[in-house]
Structures are given as structure tokens and as C-alpha cells.
Amino acid sequence: MVVIAIANQKGGVGKTTTAVTLASGFAQKGKRTLIIDLDPQGHVAISFGTEKNPALYRWIVMKEPLKKVVSPARNNLDVVYSNSQTELVKRHLTLLDYREQVLSDLLKSSNYDFIFLDLAPSLDILHINGLVASDWVIIPTRMDALSLDGVKEVLIKMNEITNNGHSYSGYRILPTFFERSTNETMTQFKTLIQSFGENLLPPIAQDTQVREASAFGKTLWEYCPKSKAVDGYQDGKNKKGGYKQVVERLWEVING
Amino acid sequence: MADKELTRQVVIDPAVLELMADMQEKQSESRLPRRQREKKAKERAKMRARRDQRVTYDIPPILKQTMFEMAESMSLPASQLATLALFRFLEDFQNGEIDLTKYKKPSRSPRYDWKLVFPQEWLKSASYKIKK
């Protein structure tokens with residue numbers, strides 16, 4: 001079992017889209033995959049075209065077994081949905097001993113190949129639970145100073161967690177909403193290359209079809225498999241970036 | 001210990017590097033004078049327009065070499081010679097002048113049922129004498 005957290009303290013950087021697209025990409029490869037929505041906004045449900053529900057609350061606070069609270073979303077892909085009751089989960093966790101490890105302990109008995117955690121843009125107890133439970137952290141970021149500051153904050157938090165004895169298999173930075181024609185993108189992209197080197201994934205192009213997909217409750221694989229966001233920038237016969245390439249890169253690196 | 005040339009390892013994702021190179025090229029292009037920018041844009045459009053005309057086939061090296069030599073000797077583009085050859089082949093084939101059954105043999109490939117086996121003399125360099 002590999003647990004992958006999708007995190008950035010800045011909102012609107014494409015965390016939920018990334019979680020849903022990567023998880024469904026791994027599920028399409030035949031792996032049993034689970035997404036856990038740790039954000040009280042519950043947007044994973046909207047991305048799959050279904051209603052929000054308090055599954056996370058039932059699992060963590062009411063202590064119902066995981067298999068009772070998951071909802072099948074696609075082939076090989078289950079989801080633990082979230083809604084505003086997730087706020088109560090946070091309150092519940094703050095009262096517990098070893099509160100940072102609750103999620104990690106709960107996941108130990110699950111039998112999924114890959115678990116994706118869609119973290120909320122905050123630094124609360126649920127966010128820390130997500131980081132403590134994960135082996136890999138994917139940090140989506142827009143090419144702007146505020147989002148990059150969010151990357152820094154996640155890395156600082158990961159460092160603190162590592163100092164407390166947790167060991168990560170790795171992390172990757174994923175540039176999203178990428179507009180290759182602007183100077184600002186280029187400046188920030190250069191900085192990312194210099195700072196993160198091999199930890200930088202190929203970018204996801206800015207693409208209106210991404211917004212349309214969630215409006216229709218479809219994954220990007222279903223709604224726009226040939227879009228720039230999925231298939232990447234066309235360069236002759238080659239493609240650069242896009243979720244398809246990112247899934248392949250992660251697949252290679254996670255499977256060693 | 002023998003001297004071994006040290007090569008710096010590339011650890012950055014190749015797609016990231018290529019994209020960065022493209023962006024840098026475009027940025028430096030945007031700083032060129034208008035005429036040169038327009039020239040570059042025309043070149044790019046020409047290359048893009050040619051994309052649909054590109055194809056890759058595996059052919060025997062002797063055929064490739066002969067086409068190249070023929071094109072050189074006649075001062076013609078090899079692509080146009082190959083195009084002519086294919087047009088003529090299609091014409092002859094449609095007129096029933098080419099019989100594929102002479103060359104067709106069962107294939108072991110899971111993708112194809114048949115393969116074409118060409119006469120050995122076709123694959124010898126001496127078979128093709130280019131008249132200048």
C-alpha cells in the first residue's frame with residue numbers, strides 16, 4: 001500500500017483535480033485505489049458528479065469500518081467523501097492522544113494498492129494527519145509567488161514531521177495552470193527547476209476543459225482525454241507535460 | 001587509476017527541460033527585431049504545415065541508398081521521388097498490374113496475417129544502376 005498526499009496550503013492550485021485525476025489514472029492501470037477527501041468543502045464528490053456525504057466523519061468519529069463508508073466511484077476506485085461535518089472530525093481529533101497519527105493507524109488495516117489523500121488548504125490537525133499518514137507528497141502549485149509560498153510551508157511541515165521520526169519515500173512539485181507564454185511563468189518555472197531539480201514534475205497546462213469536466217461531474221480521462229491538461233503540449237509528434245505523463249512518471253518512481 | 005571522463009548526470013525530468021528550452025527560445029525570439037521575428041514565425045508555420053506530410057516506413061537500406069543517390073544525381077528531393085514511386089505503384093496496383101500473391105507469405109506476427117517476401121536479387125546493390 002502506498003499513500004500519496006496532495007497538499008498545498010494555498011487554495012485554488014488544483015489539489016482536488018490532481019487527486020481525482022491521478023487516482024483515476026492509477027485505477028485505470030488496474031490498481032485498487034482509494035481517495036480520501038480531507039477537505040470540508042467536499043469537492044471530490046462534485047468532481048465525480050455525486051452528492052457530498054459525511055463518510056469521513058462516520059469513519060473517524062463514529063468509528064464505522066472503512067468498507068462501510070467508502071463509495072465506489074469508478075472501476076477499481078473507491079472514495080471516502082467529505083462534507084461540512086469534517087469540521088467536527090477536526091474537533092474530535094484535537095481531543096485525542098497521539099492525535100497526529102489517527103489516520104495513519106486507521107489506514108494500516110486497509111487493503112488498497114494506492115491511497116490518495118486530498119488535503120485541505122490549511123494547517124489544521126487533519127492536514128497534519130494526512131502528511132503523517134503519507135509515503136509520498138505531491139504539491140501542486142500555480143506559477144505565482146503566493147502558491148510557491150504554500151509549497152514552502154508544506155515542505156517545512158514535512159521537515160518537522162520527518163524530525164519526529166516519520167520517513168517519506170519522496171515528494172514532487174507539480175506545476176499547474178501552466179501558461180508557457182507568460183514571463184512570470186518562465187521566471188517561476190526557472191526558480192522551481194533550480195530549487196527542486198528532479199523533484200519537479202512536468203507541468204499541467206492551463207485548460208478551460210478542466211473546469212468544464214468538474215461541472216459535468218466527469219474525470220478528465222472521461223471528459224477531455226485529448227486536452228492539453230491531460231495529453232500535454234504538442235511538440236511535433238511528442239507531448240510535453242499533462243496528467244498522462246505525470247501518472248507515468250509517478251508510476252515509474254513509486255514502483256522503483 | 002585510468003582517467004575517466006566525468007559526465008554530469010541529468011536529474012531533471014526531460015519533459016521539464018525541453019519545455020524550459022522551448023520557452024527560453026520563444027522568449028529570446030520575442031526580443032528580436034520585427035523582421036526576424038516574422039521570419040521565425042514563417043519558418044515555424046512551414047514546419048507545422050509539413051507535419052502531416054511526414055511518415056516513417058521501414059525499407060531495405062539498399063532502397064533507401066538508391067533513392068538518395070538517384071535524388072542527388074537528378075538534383076531532386078528524395079521525398080518527391082518516393083511520392084512518384086508510390087503514385088505509380090498505386091496506379092499499377094489499381095489496374096491489376098501488380099500481383100501481391102507472388103510475394104505474400106503467412107506472418108508469425110500477432111498483429112499481421114501476412115508479410116511480403118521480396119526476391120533476393122532486389123536486395124543486392126548491383127541490381128540498381130542509376131543512369132545519369
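Structural data are supplied above this passage.
Within each chain, residue numbers correspond to sequence positions counted from 1 in written order. Just so you know, chain letters begin at A and ligand numbers begin at 1, following the order they were written in. Only residues with pLDDT of at least 70 get local features here, since the model is predicted, and only at 80 or more are side-chain atom pairs given and counted; chain-wide, interface and lining totals rely on the full set of residues. Where side-chain values are given, they derive from all heavy atoms of the structure, hydrogens and water being excluded.

1. Observations regarding the packing of helix 8 (residues 145–163) of chain A against helix 9 (residues 183–196) of chain A
Residues and elements named next belong to chain A. Helix axes use the C-alpha atoms of the stretch in contact, all axes being lines fitted to C-alpha atoms, and the angles between their N-to-C directions lie in the range 0 to 180 degrees. Each helix is a run of DSSP H or I of at least 4 residues and each strand a run of E of at least 2, with the numbering of both proceeding from the N terminus. For the pair helix 8 and helix 9, interaxial distance at closest approach is 11 Å and the crossing angle is 15°. Judged by the inter-axis angle, helix 8 sits roughly parallel to helix 9. Between helix 8 and helix 9 the crossing geometry is right-handed. Residue-level contacts link Ala 145, Leu 148, Val 151 and Leu 155 of helix 8 to Gln 188, Leu 192 and Phe 196 of helix 9. Gly falls in the polar group here, along with every residue not listed as nonpolar (Ala, Val, Leu, Ile, Met, Phe, Trp, Tyr, Cys, Pro) or charged (Asp, Glu, Lys, Arg). Split by residue class, the contact of helix 8 with helix 9 holds six nonpolar, one polar and no charged. Just so you know how the angles are binned, under 35 degrees is roughly parallel, over 145 roughly antiparallel, 65 to 115 roughly perpendicular, and the rest oblique. Crossing handedness: left-handed means the near helix sits turned counterclockwise from the far one by under a right angle, and right-handed means the same turn made clockwise. A contact between two residues is defined here by any heavy atoms of the two lying within 4.5 Å.

2. Quick word on the sheet that holds strand 6 (residues 136–141) of chain A
Residues and elements named next belong to chain A. Whether two strands pair depends on DSSP finding at least two bridges between them. Read from one edge to the other, the open sheet built from seven strands follows the order 3-4-2-5-1-6-7, with strand pairing classed as mixed. With partners counted over all chains shown, the strands left at the sheet margins are strand 3 (71–74) and strand 7 (170–175), one partner each. Sheet twist, expressed as the average angle between the axes of neighbouring strands with direction ignored, equals 25°. As paired elements, strand 1 (residues 2–6) and strand 6 share three bridges and run parallel to each other. Bridge pairing links Ile 6 to Ile 138 in strand 6.

3. Describing the nonpolar core
All names here are of chain A. Of all hydrophobic cores here, the largest spans 57 residues; its most connected members are Ile 36, Trp 59, Val 80, Leu 117, Val 137 and Phe 189. Apart from residues no more than four positions distant in its own chain, Val 137 is found in contact with Ala 5, Ala 7, Leu 131, Val 154, Met 158, Tyr 168, Gly 170, Tyr 171 and Arg 172. What is meant by a nonpolar core is a set of buried Ala, Val, Leu, Ile, Met, Phe, Trp, Tyr and Cys residues, joined one to another through side-chain atoms within 4.5 Å. In this scheme, a residue with accessible area under 20% of its type's maximum is buried, one over 50% is exposed, and one in between is partly exposed, where area comes from a 1.4 Å probe on protein chains only. Listed in part, the 37 residues of the second largest apolar core include Val 2, Leu 77, Leu 201 and Ile 204.

4. Quick look at the side chain of Lys 15 of chain A
All names here are of chain A. Relative to the assigned elements, Lys 15 resides in helix 1 (residues 15–28). Under this rule, positive means Lys or Arg and negative means Asp or Glu; His and the chain ends count for nothing. Should a side-chain nitrogen of Lys or Arg be within 4 Å of a carboxyl oxygen of Asp or Glu, the pair is scored as a salt bridge. No salt bridge forms around the buried Lys 15; measuring N to O, its nearest opposite-charge neighbour Asp 39 is 6.2 Å away. Counted as a polar contact is a pair of N or O atoms within 3.5 Å, where, for protein atoms, one must be capable of donating a hydrogen and the other of accepting one, and residues adjacent in sequence contribute only when both atoms are in side chains. Within the local environment of Lys 15, its side chain forms a polar contact with the backbone oxygen of Asn 8, the two atoms lying 3.1 Å apart.

5. Things to note about the layout of surface pockets
Residues and elements named next belong to chain A. Space inside the second largest pocket adds up to approximately 670 Å³. Going through the elements one at a time, helix 1, helix 2 (43–47) and helix 10 (208–215) are the ones with two or more residues in the lining of the second largest pocket. The greatest single-element share of the lining of the second largest pocket, amounting to five residues, is contributed by helix 1. Taken together, the residues that form the lining of the second largest pocket break down as 13 nonpolar, 13 polar and eight charged. The pocket and cavity definitions rest on a 1 Å grid over protein atoms only: a 1.4 Å probe that fits but cannot leave marks a cavity, an open set with protein on both sides within 12 Å along at least five of seven lines marks a pocket, and residues lining either have an atom within 4 Å of a point. Grid points are joined across faces, edges and corners, and a volume is the space filled by probe spheres set on the points.

Read these as geometric descriptors, not functional statements.
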